[in-house]
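# Analysis of the macromolecular model
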Amino acid sequence: MIASIIIPVWNGVAVITQCLDALEAQRTAALGEIICVDNASRDDSASLIAERYARVRLLRQPVNLGFAGGVNAGIDAAKGELLLLLNQDCIVQRGWLDALVCALDAHPECGVAGCTILNDDGTLNHTGAYIRKPDANSVHLTELCDAPRQVEYVTGAAFAIRRATWERVGPFDDGFYPGYYEESDYCYRARRHGIETLYVPVARVSHLRSGTEWKEDPIRHTVNQHRSRYRFVCKHFEGDDLRAFFAAEQCALENETYFDQAFSRILAARATLRALNEIASRRAADLNDTSSEMLMRHWQVGFAALARRAFAAAETMSPSLIALRLDAVRTLIGDAREHEQAASAQLYTTLSAPVRTPSRVQDLFRRLLARLTGYEAFGLDDALALSARLYEMNVQQGARLDQLEVAANQLEVAIHQLEAEHSRRLTILEMLFAYDER
């Protein structure tokens, strides 16, 4: 089989050269073409590819199509019998492509294949995966095996599809925007057509995991994860599995301690409610399964209840709880200061008192220090040296406590800002829920 490698690119200037250099170094007869789909990158990714890689086909998109949309655009332009998706921050290792081709040739029942994914430090990250029930969270396997094996799905970081499978199953669902769960959705859809997914252990790829979107906007990142998970549930869960999922989400919210998680579930649930008609249409097209009115109603009731429960959880997690923890830290700092001052006063009062019976005081002091330090003999000069050292340590401890207090003051200012921001968000959400219920 001749392979077309499709790489969705988005702000990948820091990693794309490593990815493409590794591919060029591993060129074999099986590699027919490399296609980079630039999803309207804000950096110089597209220009860099155009200038340095003449043999790479560059497809510039006017907007960010997301992972699934970029892949679909690349495959539409591809000519190979094997369609191989690769993340822009993945570095292929020697023999990876030939291993995938050989494994698929040996397993005609499989139309999708994936690789061993390594972290950049060489540790195992992925050897296949499955969707856990009832919460529909993705679980990656990390156990190597000697031979290829069938799995529920493989990660889209390195994802091979037979041309015949693509023609039968269809394109990726670009409703999983901007990413997450599109590859698991595809493998589940393939299985409905009797097409299995294969994990190939000797095909190895290192994943640099260079994405920083979660750092720039962590709430949006979390919303996208929950929204894609909810979309997957709508497409592939029903009956008891669907009921168990909603129960698990309610339970998770009862035990949630992070505001961002609760808040993100609100937004994800509301986005899912707005998209239910589109999801039902996509489910019918992808699974050849027309959703019944009862299933649609189950979605509506379940996600509306989930949004309300998430809102209630978010209201109880205002930053005032953080402020209470800050007060506890301030109390600890104050207690530490008092303890240090009391200990210092007691020590220096004892050492500076007139010594009327030097031999007796020295003997008692020596015994005390012997018990504390393990030394059998200790003179008065040594005790004075020790007191000077203790004084120095107390000064250092005081400086550290001062630094902690400054940090606590800065944190208090940040908390007030956060409280104002969260108050605005909750007010807006209350208005949205009031409007939805009219």
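Coordinates for the structure precede this section.
My aim in this report is to walk through the structure given alongside it, one point at a time. Not measured: the values here are computed from a predicted model.

## A few points about unusual backbone geometry
Here the amide bond leading from K133 into P134 is cis, since omega sits at 10 degrees, within 30 degrees of zero. Relative to the elements of secondary structure, P134 occurs in the loop between strand 8 (129-131) and strand 9 (138-140). Following Y177, the chain continues to P178 via a peptide bond in cis, the omega torsion being 0 degrees. Inspection of the secondary structure assignment puts P178 in the loop between helix 5 (163-169) and helix 6 (182-192). The backbone phi angle of N11 is positive, close to 50 degrees, even though this residue is not glycine. On the secondary structure map, N11 appears in the loop between strand 1 (3-9) and helix 1 (16-25). Here the phi dihedral of Y181 falls at roughly 75 degrees; this positive angle occurs in a residue that is not glycine.

## So, the packing of helix 10 (residues 259-274) against helix 12 (residues 293-315)
It is the contact of helix 10 with helix 12, at a shortest axis distance of 8 Å, that shows an interaxial angle of 155 degrees. Our classification of the angle between helix 10 and helix 12 gives roughly antiparallel. For the pair helix 10 and helix 12, the crossing hand works out as left-handed. Residues F259, A262, R265, I266, A269, R270, T272 and L273 of helix 10 form the contact with helix 12, whose own contacting residues are W299, Q300, F303, A304, L306, A307, A310, F311, A313 and A314. A class-by-class count of the residues in the contact of helix 10 with helix 12 yields 14 nonpolar, 2 polar and 2 charged.

## With respect to the pattern of salt bridges
The final tally for this structure, using the stated rule, is 22 salt bridges. Across the salt bridge formed by R229 and E249, the nearest N and O atoms sit 2.9 Å from each other. You can see R229 sitting in helix 8 (residues 218-236) and its partner E249 sitting in helix 9 (residues 239-254), a full 20 residues away along the chain. The pair formed by R229 and E249 is uniform in burial state, with each residue classed as buried. Across the salt bridge formed by R243 and D240, the nearest N and O atoms sit 2.4 Å from each other. A residue pair is termed a helical-turn pair when its members lie 3 or 4 positions apart in one helix, as R243 and D240 do in helix 9 at 3 residues. D240 sits in the exposed class, given a relative accessible area of 57%. One network of salt bridges, with partners in common, ties together D173, D174, D185, R189, R231, K235, E278, R282 and D286.

## Considering the state of the cysteines
Applying the stated criterion to the full structure yields 0 disulfides. Here C36 stays unpaired: no disulfide links it, and the sulfur of C19, its closest cysteine neighbor, is 7.0 Å away. Using a relative accessible area of 0% as the deciding quantity, one classes C36 as buried. There is no disulfide at C90, and the cysteine sulfur nearest it, in C19, is 7.0 Å away. When its relative accessible area of 0% is taken as the criterion, C90 is described as buried.

## A closer look at the side chain of E249
Given a relative accessible area of 2%, E249 falls into the buried group. One polar contact links E249 to R229, side chain to side chain, over a distance of 2.9 Å.

## Examining the side chain of S228
Tracing the backbone through its elements, the reader meets S228 in helix 8. With a relative accessible area of 2%, S228 lands in the buried category. Beyond its immediate stretch of four places on either side in the chain, S228 contacts F176, G179, Y180 and Y181.

## A closer look at the nonpolar core
Membership of the largest hydrophobic core comes to 62 residues, with the highest contact counts inside it found for L85, F159, F172 and W299. Per-element accounting of this core gives the leading share, 10 residues, to helix 12. Among residues more than four places away in sequence, those in contact with F159 are L83, L84, L85, V112, A113, V154, F172, E183, Y186 and C187. One finds V56, L100, C115 and A157 within the second-largest nonpolar core, a separate group that totals 41 residues.

## A word on the pairing of strand 12 (residues 196-207)
Burial within strand 12 is extensive, with 9 of its 12 residues counted as buried. Bridge count between strand 5 (residues 90-92) and strand 12: 3 bridges; the pairing is antiparallel. By the bridge assignment for strand 12, I91 is matched with S206. Sheet topology note: the strand 6 (residues 110-119)/strand 12 ladder contains 9 bridges and is parallel.

Reading the values: the criteria
- Numbering of residues starts from 1 in every chain and runs along the sequence as written.
- With the structure being a predicted model, the display of local features is reserved for residues of pLDDT at least 70 and the display and counting of side-chain atom pairs for 80 or more, all residues being used for whole-chain, interface and lining totals.
- Computation of side-chain values: all heavy atoms of the structure, hydrogens and water removed.
- A run of H or I in DSSP counts as a helix once it spans at least four residues, and a run of E counts as a strand once it spans at least two, with each numbered from the N terminus.
- For every element, the axis is a line fit to its C-alpha atoms; helices are fit only across the contacting stretch, and the angle between N-to-C directions ranges from 0 to 180 degrees.
- Here the angle decides the label: under 35 degrees means roughly parallel, over 145 means roughly antiparallel, 65 to 115 means roughly perpendicular, and every other value means oblique.
- Take the far helix as your reference; a near helix turned counterclockwise from it by less than a right angle gives a left-handed crossing, and one turned clockwise gives a right-handed crossing.
- Throughout, a residue-residue contact means that at least one pair of heavy atoms, one from each residue, lies within 4.5 Å.
- Amino acids are sorted into nonpolar (Ala, Val, Leu, Ile, Met, Phe, Trp, Tyr, Cys and Pro), charged (Asp, Glu, Lys and Arg) and polar (every other residue, Gly among them).
- One side-chain nitrogen of Lys or Arg within 4 Å of one carboxyl oxygen of Asp or Glu is enough to make a salt bridge.
- Exposure classes here rest on a 1.4 Å probe applied to the protein chains alone. A residue is buried below 20% of its type maximum, exposed above 50%, and partly exposed in between.
- When the sulfur atoms of two cysteines come within 2.5 Å, that pair is taken as a disulfide.
- As used in this structure description, the phrase polar contact means that two N or O atoms lie within 3.5 Å; if the pair is within protein, one of them must be able to donate a hydrogen and the other to accept it, and residues adjacent in sequence are counted only when both atoms belong to side chains.
- Only buried residues count toward a nonpolar core, which is a set of Ala, Val, Leu, Ile, Met, Phe, Trp, Tyr and Cys residues joined through side-chain atoms within 4.5 Å.
- At least two bridges found by DSSP between two strands are what make those strands a pair.

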